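Survey of secondary and tertiary structure
Listed below are the residues making up each chain.
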Amino acid sequence: MADVNPAVTGEERDGTQHADRARELEARLSAVRSRIASAAESAGRPRPSLIVVTKYFPASDVRVLAELGVRDVGENRDQEASGKAEALIDLSLRWHFIGQLQTNKAKSVVRYAHSIHSIDRPQLVTALGKAMVTEQARLTDAGLPLRPDLECFLQFSLAGAHGSDEDTSPAGRGGADPREAGNLAEAVRAAEGLRLAGVMAVAPIGAEPAAAFGRLVEISAVVRSVEPAALAVSAGMSGDLEAAVAAGATHLRIGSDVLGPRPALR
Ligand SMILES: *Cc1c(COP(=O)(O)O)cnc(C)c1O
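No experiment lies behind these values; they were computed from the predicted model shown.

1. Here we look at the pattern of salt bridges
One pass over the full model with this rule turns up 17 salt bridges. Its salt-bridge partner being lysine 84, residue glutamate 80 comes within 2.9 Å of it at the nearest N-O pair. Placement of both glutamate 80 and lysine 84 in helix H4 (residues 78-87) is noted, with a separation of four residues, approximately one turn of the helix. With a shortest N-O distance of 2.6 Å, arginine 179 and aspartate 177 are connected by a salt bridge. Residues joined by salt bridges that share partners form a network here, namely Arg21, Glu24, Arg28 and Asp61.

So this is what it looks like as C-alpha cells:
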C-alpha cells in the first residue's frame, strides 16, 4: 500500500475540521436523499438504493457516512478500495466496485466487494468466477463463513460507436457493446460464485440521459430473458439521477453531490 494517497486512510483532520466535515456531509446527504425521494414520487417509481461513491475521499468520510446510515459505498480503483475496506472492516458496509477492472485485480477485488458494476467482457467473468472459487476455498480452510455469491452488473456502452474496448475518460465510461448482452449474461449465469444482478451504464457525454437510460432498460430486458432474476438497473449519477429514476433505475451511484467536488485526478 506504499503509494496510496495518505488522504485515503489518514485521519489527518483535527477535531473541529472533523465536526465541520461531518455537518457538511450530513447536509449534502440529506439533500440528495430528498432529491431521490421527490424524483421517485414524481415518477411514480419505488425509491432506488443509494450507493455513495467515495472514490478519492478518505476513509474518515466513509465512517461519517456510515454513521449517517449509508450502507452501500462505491469505489473505482482496487488499490484505494481495498485500503479503505480494510481500514473500515469494523463497519458492515457493502462495497460496490464501479470502475474498469483488469482481470489481474479480480482476486483482490473479490476479497472485499459485494458487487461489481463494471463487467464488460467474458474474460472478466471467467477471472471473477475463478477468484470467487479460490476465495471460498481460502475461507473454508480458515474456518471462516463463506461469502454470498458476488453480485454482477453487466456494464454497457450507450455511445453508439464501438471499436475501441478501452475508455480512459475520468468517469470511466466504457462498457460492452449492447449486442453482447445475451452472451455476457449467459457467461455470468454459468459461472460458479457469481450472481447476475442486472445492468449498468453511464450516460454518454452530450447525450440526453433520458434516452440513454431508456436504451439501458431495453438492454435489461435482453438480460432478463437469460436470467429473470437480474432485475437491477444501476444508472444515475449526481447530474442525472432524476432521469435515471424516471427510467426505472434500481441503484443510483452518487459521488460529488454527497462528498463535494473531487480532488484533482492523481
Ligand atoms: C465517479 C462515478 C460516479 C459518481 O459520479 P458523480 O457525478 O460524482 O455523482 C458514478 N458512476 C461511476 C461509474 C463513476 O465512475
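2. Side note on the pairing of strand E5 (residues 150-155)
A large share of E5 lies buried, amounting to six of its six residues. Of the two faces of E5, both are covered, the one formed by Leu150, Cys152 and Leu154 as well as the one formed by Glu151, Phe153 and Gln155. Note on the crossover from strand E4 (residues 113-119) through helix H6 (residues 122-141) to E5: the handedness is right-handed.

3. Some remarks on the site of the ligand
In the vicinity of the ligand there are 13 residues, among which Lys55, Ser238, Gly255, Ser256 and Arg262 approach most closely. One nitrogen or oxygen atom from the side chain of lysine 55 is found 2.7 Å from an oxygen atom belonging to the ligand. Here an oxygen atom of the ligand and a backbone polar atom of glycine 255 are 2.8 Å apart. Bound to the protein, the ligand loses 95% of the 390 Å² it would expose on its own. Classifying every residue of the shell around the ligand by side-chain character gives seven nonpolar, three polar and three charged.

4. Looking at the nonpolar core
Counting 69 residues, the largest nonpolar core has Ile116, Leu128, Leu154, Phe156, Leu194 and Val223 as the members making the most contacts within it. Ranked by size, the runner-up nonpolar core spans five residues in total, among them Phe153, Ala197, Val202 and Ala232.

5. Description of unusual backbone geometry
For tyrosine 56, which is not glycine, the phi dihedral falls at a positive 70°. Tracing the sequence through the fold places tyrosine 56 in the loop between strand E1 (49-53) and helix H3 (59-67).

6. As for the confidence of the model for the protein chain
Predicted confidence across the protein chain gives a mean pLDDT of 92, with 89% of residues reaching 70 or more. Low pLDDT, under 50, characterises residues 1-9; the stretch is placed with 16 contacts to residues that sit more than four places away or in other chains. In this model residues 161-172 is a low-confidence stretch, pLDDT under 50, and it forms eleven contacts with partners more than four residues away in sequence or in other chains.

7. A few points about the side chain of aspartate 240
Relative to the assigned elements, aspartate 240 resides in the loop between strand E7 (232-234) and helix H9 (241-247). Within polar-contact distance, the side chain of aspartate 240 engages the backbone nitrogen of methionine 237 at 2.6 Å. Excluding residues within four positions of it along the chain, aspartate 240 makes contact with Ala203, Pro209 and Phe213.

8. A few points about H6
Note on helix geometry: an α-helix contains 3.6 residues per turn, so any two residues three or four positions apart are oriented the same way. The terminal C-alpha atoms of H6 lie 29 Å apart, and with 20 residues this matches the ideal 28 Å at 1.5 Å per residue to within 8%. Looking only at H6, the buried set comprises Leu124, Val125, Ala127, Leu128, Gly129, Ala131, Met132, Glu135, Gln136 and Leu139. Buried residues belonging to H6 abut helix H5 (106-109), E4, E5, helix H7 (181-190) and strand E6 (194-200). One or two positions beyond H6, positive phi appears at glycine 143, with a value near 70°.

9. Remarks on the pairing of E1
Counting buried residues along E1, four of its five residues qualify, which places the element largely inside the surrounding structure. Inspection of the sheet shows E1 paired to strand E8 (residues 251-254) by four bridges, in the parallel sense. Each residue of the ladder has a partner; that of leucine 50, found in E8, is leucine 252. Looking at chain direction, E1 and strand E2 (residues 72-75) are connected through two bridges and run parallel. Among the inter-strand pairings, valine 53 is bridged to a residue of E2, identified as glycine 74.

Thresholds, definitions, all that
- One numbering rule holds for all chains: residues counted from 1, following each sequence as written.
- Totals for whole chains, interfaces and linings use every residue, but because this is a predicted model, local features are given only for residues with pLDDT of at least 70 and side-chain atom pairs only at 80 or more, for both listing and counting.
- Think of the side-chain values as coming from all heavy atoms in the structure, minus any hydrogens and water.
- For this document, the term salt bridge refers to a Lys or Arg side-chain nitrogen within 4 Å of an Asp or Glu carboxyl oxygen.
- Under the scheme used here, helices are H or I runs from DSSP no shorter than 4 residues and strands are E runs no shorter than 2 residues, and both carry numbers assigned from the N terminus.
- Exposure is judged per residue with a 1.4 Å probe applied to protein chains only, and the accessible area is read against the type maximum: over 50% gives exposed, under 20% gives buried, and values in between give partly exposed.
- A crossover counts as right-handed when, viewed with the strands pointing away from the observer, the path leading from the first strand over the helix to the second turns clockwise.
- When we say a residue is near a molecule or strand, we mean one of its heavy atoms is within 4 Å of it.
- Under the rule applied, a polar contact is a pair of N or O atoms within 3.5 Å (in protein, one hydrogen donor and one hydrogen acceptor; residues adjacent in sequence only if both atoms are side-chain atoms).
- Surface accessibility follows the Shrake-Rupley procedure with a 1.4 Å probe radius. Residue values consider only the protein chains on display as shielding.
- Each residue gets one of three labels, nonpolar for Ala, Val, Leu, Ile, Met, Phe, Trp, Tyr, Cys and Pro, charged for Asp, Glu, Lys and Arg, and polar for the others, Gly among them.
- Within this scheme, the nonpolar core is defined by two criteria: the residues are buried Ala, Val, Leu, Ile, Met, Phe, Trp, Tyr or Cys, and they are joined through side-chain atoms within 4.5 Å.
- pLDDT is a residue-level measure of predictor confidence that goes from 0 to 100.
- Working rule for contacts: check all heavy atoms of both residues, and any pair within 4.5 Å makes them a contact.
- Multiplying 1.5 Å by the residue count of a helix minus one yields the expected span of that helix.
- Two strands qualify as a pair provided that DSSP identifies no fewer than 2 bridges between them.

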